[in-house]
Number of protein chains: 2
Amino acid sequence: MELLKKKMIEEGAVLSNHVLKVDSFLNHGVDPVLMDAVGKEFAKRFKDQAITKVLTIESSGIAPGLMAALTLGVPMVFARKRRSLTQSEDLVTAKVYSFTKQEENTISVSGKYIHGGDNILIIDDFLANGQAALGLVELAEKAGANIAGIGIVIEKSFQDGGRLLREKGFRVESLAEIESLEDGIISFKQSKAEEAAHS
Amino acid sequence: MELLKKKMIEEGAVLSNHVLKVDSFLNHGVDPVLMDAVGKEFAKRFKDQAITKVLTIESSGIAPGLMAALTLGVPMVFARKRRSLTQSEDLVTAKVYSFTKQEENTISVSGKYIHGGDNILIIDDFLANGQAALGLVELAEKAGANIAGIGIVIEKSFQDGGRLLREKGFRVESLAEIESLEDGIISFKQSKAEEAAHS
């Protein structure tokens, strides 16, 4: 997605070979126009999948997830990283290890809002080691839902998450795939569509 | 806002005289069509205020904040309740005490994204004791920004927050004001516009 890649190049800060900071437009500051375009792009890619619900995780998945859900005309649910006081019944949980924060979180979703018969589109801001996405997959499966696909705003293709999810048979659509952050430069992986256009 | 009140009556669960659970459409499950309408209503109410930025707080403020920002054509920033690993420079912080969770959180925003010259619209999902809103006010003021107003999805008018904020001179616009949750019933406070229409 060219608009997203342009924004990443203009505003992203490469902090190390593994870390890209995009907090001006995605996970602290949020660009609503870009999120609208991101949501429409996800909706376009999954439009034939009869999605019934978008599942994401707080906090940075909410903006792209909401815009995808709005375009698809379905509700969104965001999994919580911390238990809410008023969220007690029918909780479905999964454990997620964060490599960056070096801690394990229990994420949860209410079985009232994700259940059998649902055809879920999972949305998240980043895909790196895939722990968060695998946690969302586990939540949806435990709740008895089907997973139609996984939409990621930015995939770090040099880490394992994308491979892990695709090997499990999930359709993963990433709007920008980073091949490398070496030497402080964002190198994008060419998508198949782009390769075809240039051949 | 009638659409919101209707949804609260249909789907809200009164858990006690103080607690209304609206996690089917606002703070766990999220209704994107309602959030779109909520955002447009905030934008309408503050359209003459030359807003430059919407400031909200993770996680439940993000959906209404994003839709307001999209309609107003300005960026959104969400304050964090936990420090992010890649969020280090220029941090502006405030302490917020949560009565429901009985704990103090340090909320933060990057001074890169809120600063002098900004005319801020603060958005949050609930207004009860006003601690979160006062924390956001403190963040915006410490960052040197002006606060144009505060938009709240659901205000519990029987708690102190609204009075505190209005006494400080802030314009607070709440889309639904709950006068009481006694006997398991949501009683709404009539807005001035509604009083005028019925007189």
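Summarised in this report is the structure supplied together with it. The structure displayed is predicted, hence computed values, not measured ones.

**What to know about the overall build of chain A**
Assigned secondary structure in chain A consists of six helices and eleven strands. The C-alpha atoms of chain A give a radius of gyration of 16 Å, which matches the 16 Å a tight globule of 199 residues would have. If one aligns the C-alpha atoms of chain A with their principal axes, the spans along those axes are about 50 × 40 × 35 Å. Split into buried and exposed, the 199 residues of chain A put 55% on the buried side. Long-range pairs, those at least 24 residues apart, make up 61% of the contacts in chain A with a sequence separation of at least 6. A total of about 8500 Å² of accessible surface is found on chain A, and carbon and sulfur atoms cover 48% of it. Of the side chains in chain A, 24 bear a positive and 28 a negative charge, and the two mean positions are spaced by 4 Å.

**Some remarks on the pattern of salt bridges**
Residues and elements named next belong to chain A. As enumerated under the stated definition, the model contains 34 salt bridges over all chains in all. Among the salt bridges present, the one from Asp 31 reaches Lys 7, with a minimum N-O distance of 2.9 Å. On the criterion of sequence distance, the pair formed by Asp 31 in the loop between β3 (29-30) and α2 (32-45) and Lys 7 in helix α1 (residues 2-11) is long-range, its members being 24 residues apart. On the basis of relative accessible area, Lys 7 is assigned to the buried category, the value being 17%.

**What about the pairing of strand β8 (residues 119-127) of chain B?**
Residues and elements named next belong to chain B. Of all the nine residues making up β8, nine are buried; the element is thus mostly covered by neighbouring parts of the structure. One ladder, built from eight bridges, connects β8 with strand β9 (residues 146-156); its direction is parallel. If you follow Ile 122 over to β9, its bridge partner there is Ile 150. Between the parallel pair β8 and β9, the chain is carried across by helix α4 (residues 131-142), and the sense of this crossover is right-handed.

**Some details on the nonpolar core**
Ranked by internal contacts, the top residues of the largest apolar core, which has 70 residues, are Leu 4 and Met 8 of chain A together with Leu 4 and Met 8 of chain B. Not counting chain neighbours up to four residues away, the residues in contact with Leu 4 of chain A comprise Phe 25, Leu 34, Val 153, Leu 175 and Ala 176 of chain A.

**Quick look at the packing of aromatic side chains**
All chains considered together, the criterion is met by two aromatic pairs over all chains. Taking the centre distance of 5.2 Å and the plane angle of 90° together, the rings of Tyr 97 of chain A and Phe 99 of chain A count as edge-to-face. One residue, Arg 171 of chain B, lies across the ring of Phe 46 of chain B, its end atom 4.5 Å from the ring centre.

**Comments concerning the side chain of Arg 80 of chain A**
Tracing the backbone shows Arg 80 of chain A in the loop between β5 (76-79) and β6 (91-98). A polar contact of 2.4 Å, which involves the side chain of Arg 80 of chain A, links it to the backbone oxygen of Asn 27 of chain B.

**Some words on the relation of the copies chain B and chain A**
For the match of chain B to chain A, the screw axis carries a shift of 0.0 Å, the RMSD comes to 0.0 Å, and the turn is 180°. On the angle and the small slide along the axis, the relation comes out as a two-fold axis. Judged by C-alpha distance, Ser 59 of chain B is the residue of chain B that lies nearest the rotation axis, at 2.7 Å. When the interface residues of chain B are mapped onto chain A, 98% of them again lie at the interface, so the same face is used by both copies.

**Details of the packing of helix α2 (residues 32-45) of chain B against helix α3 (residues 62-72) of chain B**
Residue and element names in this part refer to chain B. Viewed as axis vectors pointing N to C, α2 and α3 meet at an angle of 55°, and their least axial separation amounts to 7 Å. Relative to α3, the element α2 lies oblique. Taken as a pair, α2 and α3 cross one another with a handedness that is right-handed. The residues of α3 that touch α2, namely those facing Met 35, Asp 36, Val 38, Gly 39, Lys 40, Phe 42 and Ala 43, are Ala 63, Pro 64, Met 67, Ala 68, Thr 71 and Leu 72. Residues belonging to the contact of α2 with α3 are distributed by class as follows: nine nonpolar, two polar and two charged.

**Focus on the pairing of strand β9 (residues 146-156) of chain A**
Residue and element names in this part refer to chain A. In terms of burial, β9 is a largely internal element, ten of the eleven residues being buried. When β9 meets strand β10 (residues 172-180), the two strands line up parallel, connected through six bridges. Residue pairing for β10: Ile 150 is matched across the bridge by Val 172. Tracing the backbone out of β9, into helix α5 (residues 161-167) and back to the parallel element β10 gives a crossover that is right-handed.

**Here we look at unusual backbone geometry**
Omega for the bond connecting Glu 58 of chain A with Ser 59 of chain A falls within 30 degrees of zero, at -10°, which places this linkage in the cis form. Topologically, Ser 59 of chain A is positioned in the loop between β4 (53-57) and α3 (62-72). If you check the backbone angles, Asp 183 of chain A has positive phi at about 60° while not being a glycine. Residue placement: Asp 183 of chain A occurs in the loop between β10 and β11 (187-188). With relative accessibility at 74%, the residue Asp 183 of chain A sits in the exposed group. In this structure, Ala 50 of chain B takes a positive phi of about 50° despite not being glycine.

Calculation notes
Residues numbered from 1 in each chain as written. Chains lettered and ligands numbered in written order. Predicted model: local features only at pLDDT ≥ 70, side-chain atom pairs only at ≥ 80, totals over all residues. Heavy atoms only, no water. Helix = DSSP H or I, 4+ residues; strand = E, 2+ residues; numbered from the N terminus. Rg over C-alpha atoms; globule rule 2.2 N^0.38 Å. Buried < 20%, exposed > 50% of the residue type's maximum accessible area, 1.4 Å probe, protein only. Contact = heavy atoms within 4.5 Å. Areas by Shrake-Rupley, 256 points an atom, 1.4 Å probe, with all protein chains shown as cover. Lys, Arg positive; Asp, Glu negative; His and termini not counted. Charge placed at Lys NZ, Arg CZ, Asp CG, Glu CD. Salt bridge = Lys/Arg side-chain N within 4 Å of Asp/Glu carboxyl O. Pairing = 2+ DSSP bridges. Right-handed = clockwise from strand over helix to strand, strands pointing away. Core = buried A, V, L, I, M, F, W, Y, C linked by side-chain atoms within 4.5 Å. Phe/Tyr/Trp six-rings, centres within 6.5 Å; stacked < 30°, edge-to-face > 60°. Lys NZ or Arg CZ within 6 Å of the ring centre and 35° of its normal. Polar contact = N/O pair within 3.5 Å; in protein donor to acceptor, adjacent residues only side chain to side chain. Least-squares fit on C-alpha atoms with pLDDT ≥ 70 in both. Axes fitted to C-alpha atoms, helices over the stretch in contact; angles between N-to-C directions. Parallel < 35°, antiparallel > 145°, perpendicular 65-115°, else oblique. Left-handed = near helix turned anticlockwise from the far one by under 90°. Nonpolar A, V, L, I, M, F, W, Y, C, P; charged D, E, K, R; others polar.

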